[in-house]
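The primary structure of each chain is shown beneath.
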Amino acid sequence: MKRRDFVRLLPLAAGAMLAKPGYAQQSIWDMMSRSRTLDQTDRETHSVAALQAVDTNEPILSYDTANNLQFAIAQYEPFVLAGGWEQVPQEAYGLNIGNARDAVIALKRRLISSTDMPLTERIDDRFDTPLDAGLRRFQARHGLLISGQVDEATWYALNVPAEARLHQLRLNLLRVQAMAPKLADRYVVVNIPAASIETVDAGKVSRRHTAIVGRIDRQTPILKSRIHEINFNPFWNVPVSIIRRDLIKYMNEDADYLTKQNIRIYDGQGKQLQPSDINWQTEDAVNYNFRQDPGPNNSMGNVKINFHNRHAVYLHDTPTKGLFGENARFYSSGCVRVDEVQDFVEWVLRDNGDWARPEIAGIFASGERKDVAVKNPVELHTTYISAWANRQGTVSFRDDVYEFDMAGKVNLEG
């Protein structure tokens, strides 16, 4: 069976074409101006539709996802046997709406193959409105910035073979099936490949949060625990690993680094020392305690979210919120930074009473140090799900950042 014939057998949704009003009484400039306005409106509409396709209320860790993955595998298996999709040439890099070149044809064929675009009788070389919608849908499914342009990350994702995607689906089905029976009624999932967080209640996602997780050489550990305490406007006790890897280097580059960051040094008896008391040409610094004062520059921002674990990691706010807008959010030393953290804390403290968002915002603004025990500690899972699907049939993929897929890991904990 030829690939183009097989594609016709896939369950594709055909979009209805709406008739456009005529412009016989308008000047060419009016038509061009209106076209630009409609194009911009279409792009925004396409982005919203792309997000709606992936943003359903099914948790990534759930029986529903396991069933949806089985359905996705059943669709991918015959497609892979038939040859999968074609590679997109490098000439497609930088393409966006309005372009016309040969690489557009290959891009359209690729997006039709993965059902991001509906099948069409004739594929031309114009980057048109349907292609803009399809590319944005593809970007949403792969956790990329929804730009409608073939940027570097999008081009690489387009060229992952269908066989590799099928392997991800099979492997992640086993992971989800292994974890789903162990879930509480109310839980938090930190999904490392997606750098995202889900809060789940009674089998439905209450809210999703963008996250920043551990970089490849300082990985966020896989674990199960319970969130038991919230520290408002916390001190930050610098871990020994960061003292050794980072702090010594920074002090050798800038002798005023600790002062600028409001980090104080204490010996084992709690006596405060000066930076000049330490030999920064050696690892002498690891013998002391370094603590950063609360405030706008504190590495944990306005809140630290504690759960028991042997890795000394936790969830927290951050003063560098610009990183949440990036494609690849693997910057931390193992802890997890939470976007829109006030909403997350409100959800965790649901049963504590008197901790609605205005109260949380108020204590953030006041700078008051306060520790709150979570009345009903919330189950927490940090895990590694790089492919999943929802009941709409939308399949999502993420990069195998820690190479767990490559290693074929199913049992992730321990």
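These numbers come from a predicted model, not from an experiment.

Scoring rules and cut-offs
Residues numbered from 1 in each chain as written. Predicted model: local features only at pLDDT ≥ 70, side-chain atom pairs only at ≥ 80, totals over all residues. Heavy atoms only, no water. Helix = DSSP H or I, 4+ residues; strand = E, 2+ residues; numbered from the N terminus. Buried < 20%, exposed > 50% of the residue type's maximum accessible area, 1.4 Å probe, protein only. Areas by Shrake-Rupley, 256 points an atom, 1.4 Å probe, with all protein chains shown as cover. Lys, Arg positive; Asp, Glu negative; His and termini not counted. Charge placed at Lys NZ, Arg CZ, Asp CG, Glu CD. Contact = heavy atoms within 4.5 Å. Arc of directions from axis to C-beta. Pairing = 2+ DSSP bridges.

With respect to the overall build of the protein
So, step 1. Across its full length, the protein carries eleven helices and 15 strands.
So, step 2. Taken along the three principal axes of its C-alpha coordinates, the protein extends 80 × 55 × 50 Å.
So, step 3. Looking at the protein as a whole, 46% of its 414 residues are labelled buried.
So, step 4. As displayed, the protein has an accessible area near 20,700 Å², and 50% of this comes from carbon and sulfur atoms.
So, step 5. Taken together, the 49 basic and 52 acidic charged side chains of the protein have centroids lying 3 Å from each other.

Some points on the environment of Leu95
So, step 1. Positionally, Leu95 belongs in the loop between α3 (63-81) and α4 (102-113).
So, step 2. Considered as a pair, Leu95 and Gly148 are 53 residues apart in the sequence and their alpha carbons are 8.6 Å apart.
So, step 3. Residue contacts for Leu95: discarding those within four places in its chain leaves Arg101, Ala103, Val104, Leu107, Phe127, Gly148, Gln149 and Val150.

Quick look at helix α11 (residues 357-366)
So, step 1. Looking at α11, one finds that the buried residues are Ile360, Ile363 and Phe364. For α11, the angular spread of the buried residues around the axis is 105 degrees, confining them to a single face. Facing away from the buried surface of α11 by more than 90 degrees, the exposed residues are Pro358 and Ala365.
So, step 2. At its buried positions, α11 is contacted by β4 (223-232), β9 (303-307), α10 (341-348) and β13 (370-383).

Describing the pairing of strand β8 (residues 289-292)
So, step 1. Of the two faces of β8, only the one carrying Phe290 and Gln292 is buried; Asn289 and Arg291 on the other face are not.
So, step 2. Pairing geometry for strand β5 (residues 236-237) and β8, over two bridges, is antiparallel. From the neighbouring strand, Trp236 faces β8, where its bridge partner is Gln292.

Worth remembering: the numbers are spatial, not functional.
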